[in-house]
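# Coordinate inspection notes
Residue-level listing of the chains:
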Amino acid sequence: MAMKQGFGRGRRAMIGVSVLTSIGLAVLVWAFANYMLTRPRLRTSFDMSPGAQFSISPETEQLIEALRAKDETLEIDTLFLPKNADRWGLQARLLDLTQTLLGRIGYLGGDKVVVRYNDLRDIEAVKRMGEMSQNIIQLRYGKRKRILTLLTQTPDLRLRSDLADIQNPDSEGPKNPGQATRPVIRAYKGEEALSSAIAELLSEKALKIYWTTSQLSQRPESPPMSSFVRDLTSNGFEHHLIDLEDQAVPEDCDVLFFIQPGDELKRDALERVNAYLQRGGRMLMSVSYDVDIARQGFPQLGHRDLLEPLGMSLSTSMLLNGLPDPAGGDAPLFGRRECAVIQVRAGGLNRNHPVTKPLAKSQRYVDLFRARAIQFSEKRPEDVFADFLLHSNRFSFEESLSGMKPQFTFAPSGQGRPGPKTVAATVELAKKSRFALVSGLCMVSSLPGQAGGLYDGNRDFALNLVNWLVRRDRLVTVRSKDYRSGRLQVQPQGLSRIKTFLVYVLPIFFLAMAFFTLYWRRRA
């Protein structure tokens, strides 16, 4: 019987070299793959969800690439409420979507993006963020920061989010069989909101607001303006004071604030304002009905010298509106103090203007206190383009006070015909300068003689208005993703069949295939 001849020494050496070479190449391939996968510039992700729900758009990838080229690090801190924070389940859905999105941004950003999920009980984290608000995302880049709200409830008990379009049910109940009876998420806009915030933070220029100190107007340090000023600061604005009677509007002024003035602009101040607008300036003016002046028998400030060249004028009376009947009746309610709050709802929002279009789309409304009607002149200069922002409801009426009539009746007197009135408007001069007029208390955190304020409910309107004035493209164009519930409805019979297939049929099939493969190889 012949013995099988083994491999020679040379053959064994060749086999050893081949094995070592294969191992070495495998190690090199493994090291090279790990090196390439850990480079932030080469990081990518694959989204197999329906509709690519969590895909990062090219616009966002470009922002992150620009961020990686900077020296500073973007810090993203969250203070989220638990998933069961609301009874509709919206908090849980938004939380899952947002945490996944933040994870993708942090992954693509590498060491230039730090994402921290903080606990509300962590006092140090709350101090580091410098915010006592809950359910927020704070993006900090150097000394600048932005705040985004995951989910909050407005004073009129409606849910709103900076990261999603939420459809709220009608406050008077569903009017149609198919109308929603609970809040629902119509579209998730998390990437759009986060990308816009990052783009603003990467902007080199700090926008400057100059607050007029003459004519006893409101200043940024005034307590009623504190929340508005804080949000403007978080959105990258710097606040400065200016006395128009002594100095001209500086060249670096991005927007001029003339908030609740207590007197008319003097001649020199008016000339400086007109010169500022003629060179392409932007201005926000907010006025309201002064009850104290009316009771003393003095007329309301009309600011005619400023407004008439812009094709506008102000009513001398206070605007009030009827209230919807809680019982569902067609007739409005009058004679109540709440009639002094002008409630601008869906029908009163300009659905075509960039300021109010997103409000109408997401059903966010505006309230004003002590408002005055704005009239547009029939004959305006050719280079003046005026448009309304807000209208009161069709049950609005005007009422005045005087020394003989120190109190409101909050009911129509029969002299004027009730109807919608303009309470906020914008003007563009030769499509270069921009001017906005709000005729009522809108941006204040506290109201005279009232409990609470209006700013919390009007926050989106106020910030949209200022951003429009400075021509800031606040949003990066990223298509909002339609949101549909991912809940799988399975009947008990179907669940039993699935269990049988996964527990019995599938394992037996693989076991049978294994025995068949073994038998086939033995025969071969």
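Just so we're clear, the structure is a prediction, and the values are computed from it rather than from any experiment. (Residues numbered from 1 in each chain as written. Predicted model: local features only at pLDDT ≥ 70, side-chain atom pairs only at ≥ 80, totals over all residues. Heavy atoms only, no water.)

The number of helices and strands found in the protein is twelve helices and 22 strands. Out of the 524 residues in the protein, the part that is buried amounts to 44%. The long-range fraction of contacts in the protein, counting pairs at least 24 apart against all pairs at least 6 apart in sequence, stands at 72%. With the model as given, the accessible surface of the protein reaches about 29300 Å², and the carbon-plus-sulfur share is 55%. (Helix = DSSP H or I, 4+ residues; strand = E, 2+ residues; numbered from the N terminus. Buried < 20%, exposed > 50% of the residue type's maximum accessible area, 1.4 Å probe, protein only. Contact = heavy atoms within 4.5 Å. Areas by Shrake-Rupley, 256 points an atom, 1.4 Å probe, with all protein chains shown as cover.)

Confidence in the prediction for the protein averages 81 pLDDT; 83% of positions are at 70 or higher. A low-confidence stretch, residues 474–480 stays under pLDDT 50, and its non-local contacts, those more than four residues away or across chains, total 22 contacts. Low pLDDT, under 50, characterises residues 484–490; the predicted model gives this stretch three contacts beyond four residues in sequence or across chains. (pLDDT = per-residue confidence, 0-100.)

A contiguous nonpolar surface patch, about 680 Å² in accessible area, is contributed by Ile498, Phe501, Leu502, Val503, Tyr504, Val505 and Ile508. Residue Val503 is classed as partly exposed on the basis of its relative accessible area of 45%. (Patch = residues over 30% accessible without salt bridge, like charges linked within 9 Å, V, L, I, M, F, W, Y side chains within 5 Å. Salt bridge = Lys/Arg side-chain N within 4 Å of Asp/Glu carboxyl O.)

Across all of its chains, the model carries 20 salt bridges by this definition. Here Lys208 ties to Asp252 by a salt bridge, and the two come within 2.8 Å at their closest N and O atoms. One end of the pair, Lys208, is in strand β9 (residues 207–212); the other, Asp252, is in the loop between β10 (237–242) and β11 (255–259), with 44 residues separating them in the sequence. Overall, Lys208 belongs to the partly exposed group, its relative accessible area being 22%.

Summed over the entire model, instances satisfying the criterion amount to two cavities of 30 Å³ or more. Considering only enclosed or pocket space, the second largest cavity measures out at about 50 Å³ in volume. Considering the residues around the second largest cavity, the lining is formed by Met225, Ile259, Gln260, Ser286, Gly440, Leu441, Cys442, Met443 and Val444. Residues of the lining of the second largest cavity, tallied by class, amount to six nonpolar, three polar and no charged. (1 Å grid on protein atoms, 1.4 Å probe; cavity = no way out; pocket = protein on both sides within 12 Å on 5 of 7 lines; lining within 4 Å. Points joined across faces, edges and corners; volume = space filled by probe spheres on them. Nonpolar A, V, L, I, M, F, W, Y, C, P; charged D, E, K, R; others polar.)

Bringing helix α6 (residues 226–234) into the picture now. Since the α-helix turns once every 3.6 residues, residues separated by three or four places project in the same direction. Three or more residues of α6 are buried, namely Ser227, Phe228, Val229, Asp231, Leu232 and Ser234. Buried residues along α6 sit in contact with β4 (144–149), β9, β10, β11 and α11 (455–469).

The four strands lie next to each other as β2-β1-β3-β4, forming an open sheet whose pairing is mixed. Every other strand in the sheet has two partners, leaving β2 (113–118) and β4 as the edge strands with one partner each. Taken over all neighbouring pairs, the strand axes of this sheet differ in orientation by 15° on average, direction set aside. (Pairing = 2+ DSSP bridges. Axes fitted to C-alpha atoms, helices over the stretch in contact; angles between N-to-C directions.)

In total, this model carries six aromatic pairs according to the counting rule given. Where Phe228 meets Phe257, the ring centres are 6.1 Å apart and the plane angle is 0°; that geometry is what we call stacked. One end of the pair, Phe228, is in helix α6; the other, Phe257, is in strand β11, and 29 residues separate them in sequence. Comparing Phe228 with Phe257 shows no difference in burial state: the two are buried. Clustering of aromatic rings is evident, with ring pairs tying together Trp211, Phe228, Phe257 and Tyr455. (Phe/Tyr/Trp six-rings, centres within 6.5 Å; stacked < 30°, edge-to-face > 60°.)

What follows concerns the environment of Gln260. Mapped onto the elements of the fold, Gln260 is located in the loop between β11 and α7 (267–278). When the C-alpha atoms of Gln260 and Val438 are compared, they prove to be 9.9 Å apart, with 178 residues separating the residues in sequence. Within the structure, Gln260 has its side chain in polar contact with the side chain of Ser288 (distance 2.7 Å). (Polar contact = N/O pair within 3.5 Å; in protein donor to acceptor, adjacent residues only side chain to side chain.)

With that settled, consider helix α5 (residues 190–202). Under the 1.5 Å per step criterion, the end-to-end length of α5 is 18 Å for 13 residues, consistent within 8% with the ideal 18 Å. With twelve of 13 residues buried, α5 is to be regarded as a mostly interior element. The set of residues buried in α5 consists of Gly190, Glu191, Glu192, Ala193, Leu194, Ser195, Ser196, Ala197, Ile198, Glu200, Leu201 and Leu202. (Expected span 1.5 Å × (residues − 1).)

Turning next to the packing of α6 against α11. One can describe the packing of α6 onto α11 by two numbers: an axis separation of 11 Å at closest approach and a directional angle of 45°. Compared by their axis directions, α6 and α11 come out oblique. Between α6 and α11 the crossing geometry is right-handed. For the pair formed by α6 and α11, the contact residues are Ser227, Phe228, Asp231 and Leu232 on the first element and Tyr455, Arg459, Ala462, Leu463 and Val466 on the second. (Parallel < 35°, antiparallel > 145°, perpendicular 65-115°, else oblique. Left-handed = near helix turned anticlockwise from the far one by under 90°.)

This part covers the packing of helix α2 (residues 58–68) against α5. Helix packing geometry: the angle between the two helix axes and the distance between the axes. For the pair α2 and α5, the least separation of the axes is 10 Å and the interaxial angle reads 35°. Relative to α5, the crossing made by α2 is left-handed. Each of Thr60, Leu63, Ala66 and Leu67 in α2 lies in contact with α5, whose residues at this interface are Glu191, Ser195, Ala199 and Leu202. A per-class count over the contact of α2 with α5 returns five nonpolar, two polar and one charged.

The next point concerns unusual backbone geometry. Phi at Gln260 is positive, roughly 50°, even though this residue is not glycine. For Gln260, a relative accessible area of 15% gives the class buried. Notably, His303 is not glycine yet its phi reads approximately 50°, a positive angle. Within the secondary structure, His303 sits in the loop between α8 (291–295) and α9 (304–307). His303 sits in the buried class, given a relative accessible area of 3%.

What follows covers the environment of Arg182. Along the polypeptide, Arg182 turns up in the loop between β7 (164–167) and β8 (184–188). Setting aside chain neighbours within four positions, we find Arg182 in contact with Trp88, Leu90, Arg93, Gln167 and Pro169. Looking at Arg182, its side chain comes within polar contact range of the main-chain oxygen of Trp88, at 2.4 Å.

The subject of this paragraph is the side chain of Ser433. With respect to the helices, strands and loops of the structure, Ser433 is situated in strand β21 (residues 433–439). For Ser433, the side chain forms a polar contact with the main-chain nitrogen of Gly280, separated by 3.3 Å. The residues touching Ser433, leaving out its near neighbours within four places in the chain, are Leu277, Gln278, Gly280, Gly281, Val427, Glu428 and Arg471.

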